[in-house]
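Here's the letter readout for the chains.
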Amino acid sequence: MTSKPDIRDLSLDELTRHMASLGEKSYRAAQIFAWIYQKGAWSFDAMKNLPVELRDRLKNNFNLSPNTIAQRIISGDKTTKFLLDLFDHEKVECVLIPTATRTTACISTQAGCKFGCKFCASGIGGWTRNLTCAEILAQVLQVKEEALKHKRPLSNIVFMGTGEPLDNFDNLFKAIRTINSQKGSGIGARHITISTVGLVPRINQLARQNLQIELAISLHGYDNESRNLLMPVNRKYPFDELIKACREYFKATKRQITFEYILIKDVTCAEKAVLSLKKAFKGIICKMNLIPYNPVSEFEHKTPSGKEMTDFRDRLEECGIHATIRTPRGRDVAAACGQLRIMHSEKKRS
Ligand code: SAH
């Protein structure tokens, strides 16, 4: 482990102040930011428009290395999954997902997860720690580098990797400001999605900030009872309270909300689900992302047939709920949440 602070933990303002404290010109901070977030530099030596003494000083005082890649696998559909080995040997995943219209990085925010959703491999083994702002940004830079190798500039960021983004609020938002800044990665807020298990106080907090980011709610249940069975967090923030927070979020921001909804055979695709969701979504402009359950061995359920899934989608549409079935990507590389990570720890255990 390097004991040096990581330069990516500094915002542009903080780096500017640091430059001033060294007696350097303040524009040096913007130059360093451009090297890191726009030109993809992984070393201070590469920063050719900085004086050599400053480069040496930075090199002695800061870390700028990539996260160690323990495994990198490319699927037939070009989805590339990275298993990262952090300084304390915690493992997290990030994924490059190229589609016809966009090039997306799926980023982790925590090592492990506290929330224990029954169908999700990320919660197995519990939660260890929050990722730092630098660890989050390094993932973005690594996926971006991979995308550029395929001549695909990174267009979107989704915080849908390991962990619960809103449970690591401060580091997440510090990283988002750098990703979003024109002097940083320059990715528009509307191209950044935060997916949450439904932490009501954090959603309320988000509603008060004037941000253009996309909010995705992992709903998965259609009422209190069904959500209780799948997501323990529902006992703390029940279905109705969550929907109320979403309604208020929509009122305050006028931003469309995406509801993620897992399709599990005989569990979530029933007609009563359609009727309950129709009632719940009244007054919220939203869309539904239907995610076919990607089987994990710890949760013995099946994915519905193709017809069951399209029938369910069509019923939602008939009820005025815009819904699309998410194409599973990277299945051959275990790209569902936490699968690669859990496979790695199982290997270690055996
Ligand atoms: N903690 C955040 C972000 C990580 S999960 C959240 O809960 O939203 C990203 C999405 O993948 C969530 O909607 C999650 O519920 C879903 N997911 C997890 N495991 C899955 C599985 N086995 N099959 C299908 N979707 C899954």
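These numbers come from a predicted model, not from an experiment. (Residues numbered from 1 in each chain as written. Predicted model: local features only at pLDDT ≥ 70, side-chain atom pairs only at ≥ 80, totals over all residues. Heavy atoms only, no water.)

1. Some words on the overall build of the chain
Thought 1: In terms of regular secondary structure, the chain is built from 12 helices and 12 strands.
Thought 2: Since a compact globule built from 350 residues should have a radius of gyration of about 20 Å, the 21 Å found for the chain is in line with a globular shape.
Thought 3: Put simply, of all contacts in the chain between residues at least 6 apart along the chain, 66% involve residues at least 24 apart.
Thought 4: With an accessible surface of roughly 16,100 Å², the chain has 52% of that area assigned to carbon and sulfur atoms.
Thought 5: Taking the average place of the 53 positive charges on the side chains of the chain and the average place of its 37 negative ones, the gap between the two points comes to 4 Å. (Helix = DSSP H or I, 4+ residues; strand = E, 2+ residues; numbered from the N terminus. Rg over C-alpha atoms; globule rule 2.2 N^0.38 Å. Contact = heavy atoms within 4.5 Å. Areas by Shrake-Rupley, 256 points an atom, 1.4 Å probe, with all protein chains shown as cover. Lys, Arg positive; Asp, Glu negative; His and termini not counted. Charge placed at Lys NZ, Arg CZ, Asp CG, Glu CD.)

2. A look at the site of the ligand
Thought 1: The ligand sits among 19 residues. The nearest are Phe119, Ser195, Ser218, His220 and Asn294.
Thought 2: At a separation of 2.9 Å, a nitrogen atom of the ligand approaches a polar backbone atom of Phe119.
Thought 3: Between an oxygen atom of the ligand and a main-chain N or O atom of Thr196, the distance comes to 3.4 Å.
Thought 4: Its free accessible area being 530 Å², the ligand has 94% of it covered by the protein chains.
Thought 5: Where the shell around the ligand is concerned, the elements lending two or more residues are β8 (192-196), β10 (257-263) and β11 (286-292). (Near = heavy atom within 4 Å. Polar contact = N/O pair within 3.5 Å; in protein donor to acceptor, adjacent residues only side chain to side chain.)

3. Observations concerning the side chain of Thr80
Thought 1: Positionally, Thr80 belongs in strand β2 (residues 80-85).
Thought 2: Beyond its immediate chain neighbours, meaning those up to four positions away, Thr80 contacts Arg72, Ile73, Ile74, Cys94, Val95, Leu96 and Glu146.

4. Topic: helix α1 (residues 12-21)
Thought 1: Inspection of α1 places Leu12, Leu15 and Met19 among the buried residues, and these make up the whole buried set. Buried residues along α1 cover an arc of 65 degrees about the axis, so they all sit on one side. What points out from α1, more than 90 degrees from its buried face, is the exposed set Asp13, Arg17, Ala20 and Ser21.
Thought 2: Phi turns positive, to about 80 degrees, at Gly23, one or two residues after α1. (Buried < 20%, exposed > 50% of the residue type's maximum accessible area, 1.4 Å probe, protein only. Arc of directions from axis to C-beta.)

5. Some points on the domain arrangement of the chain
It is common to report an interface's size as the accessible area lost on association of the parts.
Thought 1: Here the domain parsing of the chain yields domain 1 (7-61) and domain 2 (68-349).
Thought 2: Computed from C-alpha coordinates alone, the two centres of domain 1 and domain 2 are separated by 33 Å.
Thought 3: Facing the 13 residues of domain 1 at the interface are 15 residues of domain 2.
Thought 4: Here domain 1 and domain 2 share an interface that buries about 1,200 Å² over both sides, 57% of which is from carbon and sulfur atoms.
Thought 5: Broken down residue by residue, the surface that domain 1 buries against domain 2 is led by Arg8, Tyr37 and Trp42, which jointly contribute 49%.
Thought 6: Between the two partners, domain 1 and domain 2, sit 1 salt bridge.
Thought 7: Notably, a salt bridge pairs Lys174 with Glu14, separated by 2.7 Å at the nearest N-O pair. (Domains from an automatic or database assignment. Buried area = accessible area lost by both parts, 1.4 Å probe. Salt bridge = Lys/Arg side-chain N within 4 Å of Asp/Glu carboxyl O.)

6. A closer look at the nonpolar core
Thought 1: In this structure, Ile157, Phe159, Phe259, Phe281 and Met288 are the most contacted members of the largest nonpolar core, which totals 102 residues.
Thought 2: A domain-level breakdown of this core finds at least three residues from each of domain 1 (7-61) and domain 2 (68-349).
Thought 3: Discounting chain neighbours no more than four positions away, the residues touching Phe259 are Ile217, Leu219, Ile243, Cys246, Phe281, Cys286, Lys287, Met288 and Asn289. (Core = buried A, V, L, I, M, F, W, Y, C linked by side-chain atoms within 4.5 Å.)

7. Structural notes on the pattern of salt bridges
Thought 1: In this structure the tally under the stated criterion is 18 salt bridges.
Thought 2: The partner of Glu135 in a salt bridge is Arg129, with the nearest N and O atoms 2.9 Å apart. Accessibility classification places Glu135 together with Arg129 in one group, the buried group.
Thought 3: One salt bridge connects Arg255 with Glu214, and the closest N-O pair in it is separated by 2.6 Å. Of this pair, Arg255 sits in the loop between α9 (239-253) and β10 while Glu214 sits in strand β9 (residues 214-218), placing them 41 residues apart in sequence.

8. Section: the sheet that holds β2
Thought 1: Strand order in this open sheet of 10 strands is β1-β2-β3-β4-β7-β8-β9-β10-β11-β12, and the pairing throughout is mixed. Each edge of the sheet is formed by a strand with only one pairing partner; in this case those strands are β1 (68-74) and β12 (322-325). When the angles between neighbouring strand axes are averaged without regard to direction, this sheet yields 20 degrees.
Thought 2: Both strand β4 (residues 103-106) and strand β7 (residues 156-159) contribute to a ladder of 3 bridges, which runs parallel. (Pairing = 2+ DSSP bridges. Axes fitted to C-alpha atoms, helices over the stretch in contact; angles between N-to-C directions.)

9. What to know about helix α11 (residues 306-318)
Thought 1: In this model α11 runs 18 Å from its N-terminal to its C-terminal C-alpha over 13 residues, within 8% of the 18 Å that 1.5 Å per residue would give.
Thought 2: Of the positions making up α11, those classed as buried are Met309, Phe312 and Leu316. All buried residues of α11 lie within an arc of 65 degrees about the axis, which places them on one face of the element. Residues Lys307 and Glu318 are exposed on α11 and point more than 90 degrees away from its buried face.
Thought 3: Count one or two residues on from α11 and you reach Gly320, which has phi positive near 85 degrees. (Expected span 1.5 Å × (residues − 1).)

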